[in-house]
Amino acid sequence: MSLAQNNKIVSTEELSKLKDKSLFCSKAFINGKWVDAASGKTFKVSDPATLENFGSVADLDATDTRKAIDAACKAFHSWKDTTTKERAQVLRKWYNLIIENKNDLARILTLEGGKAFAEAVAEVEYGASFIEWFAEEAKRTYGDFVPSPIKNSRLIVWKQPVGVAGIITPYNFPNAMITRKVGAALAAGCTVVVRPAHETPYSALALCELAQRAGIPPGVFNVVPCSSDHTSEVGGELTKNPTIRKVSFTGSTSVGKMLMEQASSTMKKVSFELGGNAPFIVFDDADLQTAAEQLLQCKFRHSGQTCVCANRVYVHETVYDEFVDKFVSLVKQKLQIGHGLDEGTTFGPIITERGLEKLEDHLKRSKEAGAKVVFGGKRPSLKITGQFFEPTVMVDVSYDIPMSCEETFSPLCPIYKFSDTQEMLKKANDVTVGLAGYFFSRDIGRIFQVAEALEVGLVGVNTGDIDSEIIPFGGVKESGVGREGSRYGIDEYLNLKTVKIDF
């Protein structure tokens, strides 16, 4: 690990480097117009790498949110009647505009979310892929013609849009978590009201500007930013308002449970992508170099702040020491800590102060349980005073450490030693969540057995990269319900209607 150029980055100066400064929007977007909060209130947004406030955004409340819901409801009646080809064409224009402006979108994303610039560009491209995908899937929302068991009768199954969707997104993927949901909703013929995380509202608002340019009609795509003071009431409006017929949320399991309970009051359709605690397993026949390289990416992507990051690493005892050596060597060589806009940075800050506090608590409790830190374990010395923490590798870990049962959402990497496969799999599955899991082996029989045994929604075999717009993304157990992306993702925004015709 090394420091990037460690230049003194001034967040406000970085905004002046945007090629299209109109993408930096500070108002809410309701019914095709940029509006202030009715109260006139705003909230500040800071750069997690410098702690510098670089902008203020309209701070909406429940009353403002109801206006957005009403606008979305009115727009739904015309948007649902557009043809699938018309919706596909508009979405394709939006995709093209996102790609054309990807560097500006990535700069905004880095300033509010802390990602290394190259990683931010990758997120924008990944996010755009969902708009492109669902532009194509819009034309494939096929129904069915069911053979009737009765003469002179016909059975038809139609797919129709659910209605207005309330969408609540997290701070770690402020671009892609919106496009993955909104792309599917709009393709299906739904309209949406989006509440972005208060830490990262600017990415959502930049997407609004491009959506408007693409010709998405007023009221179809609305964004209601709010501060932490209004998070609960705005979220409550989206989950309880009877006009909202669908709620999609990405975030923690605890918040997901609360939102599901609220949404049940009006029996809304829901899709929730919640927390994970991904096992990453290295068997004795694995390609250790590949496994180490993939773990580097899987664990330290966005400084460990993704729901599919490797959280618990299990390595067979016969290759344990060799694997640890290879992995630590890669951490030293490949990772550079710094501001995401500093040249060479591959590893940015922890986005929130509470995330940093949780990280340090997990580390303290792990060391008390006997874990040994072989790399990292402290805050680095940088010219910028943001929320940084070194990538940290721990060995000699027991099952008493907090990561055995809690998602750390940080760059802490505990490496467990195992000898018995069945006992290890029991431990890997002995958690309340099940989003992603990874393992490395060259034994074809073992590959099928372990892939089937892991209690998760996504499995990576000999890879730590499982993200793509063409596959269904989602988990089992308390990792949520529903799927996003793929040909299945659009179904989350459609209702089935059966028509029986007698003649």
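An account of the accompanying structure is given in this report. Throughout this description, residue numbers start from 1 for each chain and increase along the sequence as written. Local features in a predicted model are, by the rule used here, given only for residues with pLDDT of at least 70; side-chain atom pairs are given and counted only at 80 or more, and totals for whole chains, interfaces and linings are based on all residues. Neither water nor hydrogens contribute to the side-chain values; these are computed over all heavy atoms in the structure.

This part takes up the overall build of the protein chain. Helices and strands together make up the secondary structure of the protein chain, namely 15 helices and 24 strands. Atoms counted for the radius of gyration: C-alpha only. Globule rule: 2.2 Å times the number of residues to the power 0.38. Taking 2.2 N^0.38 as the reference for a compact globule, 503 residues should give roughly 23 Å; the C-alpha atoms of the protein chain span a radius of gyration of 23 Å, in line with that estimate. For the protein chain, with 503 residues in total, the buried portion stands at 60%. Between the mean site of the 59 positive side-chain charges and the mean site of the 63 negative ones, the protein chain shows a separation of 5 Å. Going along the chain from the N terminus, every DSSP run of H or I of four or more residues is numbered as a helix, and every run of E of two or more is numbered as a strand. Burial status follows relative accessibility: with a 1.4 Å probe on protein chains alone, a residue under 20% of its type maximum counts as buried, one over 50% as exposed, and anything between as partly exposed. Just so you know, the count uses Lys and Arg for positive and Asp and Glu for negative, and it drops His and the chain ends. To locate a charge, take atom NZ for lysine, CZ for arginine, CG for aspartate or CD for glutamate.

Moving on to the side chain of threonine 345. With respect to the secondary-structure elements, threonine 345 resides in the loop between strand E15 (336-337) and helix H12 (353-368). Polar contact is defined as a pair of N or O atoms within 3.5 Å, subject to the rule that within protein one atom must be able to donate a hydrogen and the other to accept it, and that residues adjacent in sequence are counted only when both atoms are side-chain atoms. One polar contact links the side chain of threonine 345 to the main-chain carbonyl oxygen of histidine 339, over a distance of 2.8 Å. At 3.1 Å, the side chain of threonine 345 forms a polar contact with the backbone oxygen of aspartate 342.

A few words now on the environment of aspartate 467. By secondary structure assignment, the location of aspartate 467 is in the loop between strand E21 (458-461) and strand E22 (476-477). Classification of aspartate 467 by relative accessible area gives buried; the value is 18%. Considered as a pair, aspartate 467 and glycine 485 are 18 residues apart in the sequence and their alpha carbons are 9.7 Å apart. Setting aside its immediate chain neighbours within four residues, aspartate 467 contacts Tyr126, Arg301 and Phe473. A distance of 2.5 Å separates a polar atom in the side chain of aspartate 467 from a polar atom in the side chain of arginine 301. Throughout, a residue-residue contact means that at least one pair of heavy atoms, one from each residue, lies within 4.5 Å.

All right, on to a negative patch on the surface then. Like charges within 9 Å and nonpolar side chains (Val, Leu, Ile, Met, Phe, Trp, Tyr) within 5 Å are joined into patches, using only residues over 30% in relative accessible area that form no salt bridge. Under the convention used here, a 1.4 Å probe and the Shrake-Rupley method define accessible areas, while residue burial counts only the protein chains that appear. Take a side-chain nitrogen of Lys or Arg and a carboxyl oxygen of Asp or Glu: if they are within 4 Å of each other, that pair is a salt bridge. A surface patch of like charges, here negative, comprises Asp321, Glu322, Asp325 and Asp396. Looking at the element boundaries, aspartate 325 is found in helix H11 (residues 320-334). For aspartate 325, a relative accessible area of 55% corresponds to the exposed category.

Right, let's talk about the pairing of strand E17 (residues 392-395) for a bit. Burial along E17 is two-sided: the residues Thr392 and Met394 and Val393 and Val395 are all buried. With three bridges connecting them, strand E16 (residues 372-375) and E17 associate as antiparallel partners. Note on E17: the bridge partner recorded for phenylalanine 375 is valine 393. Pairing between two strands is assigned when DSSP locates at least 2 bridges connecting them.

With that out of the way, let us pick up the packing of aromatic side chains. Stacked, tilted and edge-to-face pairs are distinguished by plane angle, under 30 degrees for stacked and over 60 for edge-to-face with tilted covering the rest, among Phe, Tyr and Trp rings (Trp via its six-membered ring) whose centres lie within 6.5 Å. Evaluation of the coordinates by the stated rule reveals 18 aromatic pairs. Relative to tryptophan 34, the ring of phenylalanine 29 lies with its centre 4.8 Å away and its plane at 55 degrees, an arrangement referred to as tilted. Taking the relative accessible area as the measure of exposure, phenylalanine 29 reaches 4% and is therefore buried. Accessibility expressed as a relative area gives 27% for tryptophan 34, which makes it partly exposed. Summarising the aromatic geometry, the rings of phenylalanine 283 and phenylalanine 439 are spaced 6.3 Å apart at their centres and angled 85 degrees between planes, so their arrangement reads as edge-to-face. You can see phenylalanine 283 sitting in the loop between strand E13 (278-282) and helix H10 (288-300) and its partner phenylalanine 439 sitting in strand E20 (residues 436-440), a full 156 residues away along the chain. Classification of phenylalanine 439 by relative accessible area gives buried; the value is 0%. Put simply, the rings of Phe300, Phe323, Phe327 and Phe347 pair up and form one aromatic cluster. Residue placement shows lysine 115 over the ring face of phenylalanine 173; its charged tip is 3.6 Å from the ring centre. Placement of a positive charge over a ring is assigned whenever Lys NZ or Arg CZ falls within 6 Å of the ring centre and within 35 degrees of the normal to the ring plane. The lysine or arginine in question, lysine 427, covers the ring of tyrosine 399, its NZ or CZ lying 4.6 Å from the ring centre.

This part takes up helix H7 (residues 202-214). Its 13 residues place the ends of H7 19 Å apart at the C-alpha level, agreeing with the 18 Å of an ideal helix rising 1.5 Å per residue. Turning to H7, its buried residues are Tyr202, Ser203, Ala204, Leu205, Ala206, Leu207, Cys208, Glu209, Leu210, Ala211 and Ala214. Phi turns positive one or two residues past the end of H7, at glycine 215, with a value near 100 degrees. Expected helix span is given by 1.5 Å per residue-to-residue step, counting one fewer step than there are residues.

Considering all chains together, one arrives at 28 salt bridges under this definition. Its salt-bridge partner being lysine 17, residue glutamate 14 comes within 3.1 Å of it at the nearest N-O pair. Two residues, arginine 180 and glutamate 484, come together in a salt bridge whose shortest N-O distance is 2.8 Å. Residue arginine 180 is located in helix H6 (residues 176-188), and its partner glutamate 484 is located in the loop between strand E23 (480-481) and helix H15 (486-489); the two are separated by 304 residues in the primary sequence. Summarising the burial analysis for this pair, arginine 180 and glutamate 484 share the class buried. A single network of salt bridges, built from pairs that share partners, joins Arg180, Lys181, Glu273 and Glu484.

Before going further, it helps to examine the sheet that holds E17. Reading across the sheet, the seven strands line up as E16-E17-E18-E14-E13-E20-E21 and stay open at both edges, with mixed pairing between neighbours. This sheet does not close on itself; its edge strands, each paired only once, are E16 and E21. Neighbouring strand axes in the sheet, compared pairwise and without regard to direction, differ in orientation by 25 degrees on average. As paired strands, E17 and strand E18 (residues 412-418) are joined by three bridges and run parallel to one another. Note that in E18 the partner of threonine 392 across the bridge is leucine 412. For every element, the axis is a line fit to its C-alpha atoms; helices are fit only across the contacting stretch, and the angle between N-to-C directions ranges from 0 to 180 degrees. Its contacts with the sheet place H10 against E13, strand E14 (310-316), E17, E18 and E20, and it is angled at close to 165 degrees to E13. Lying on the sheet, H11 is in contact with E13, E14, E16, E17 and E18; it crosses E18 at an angle near 165 degrees.

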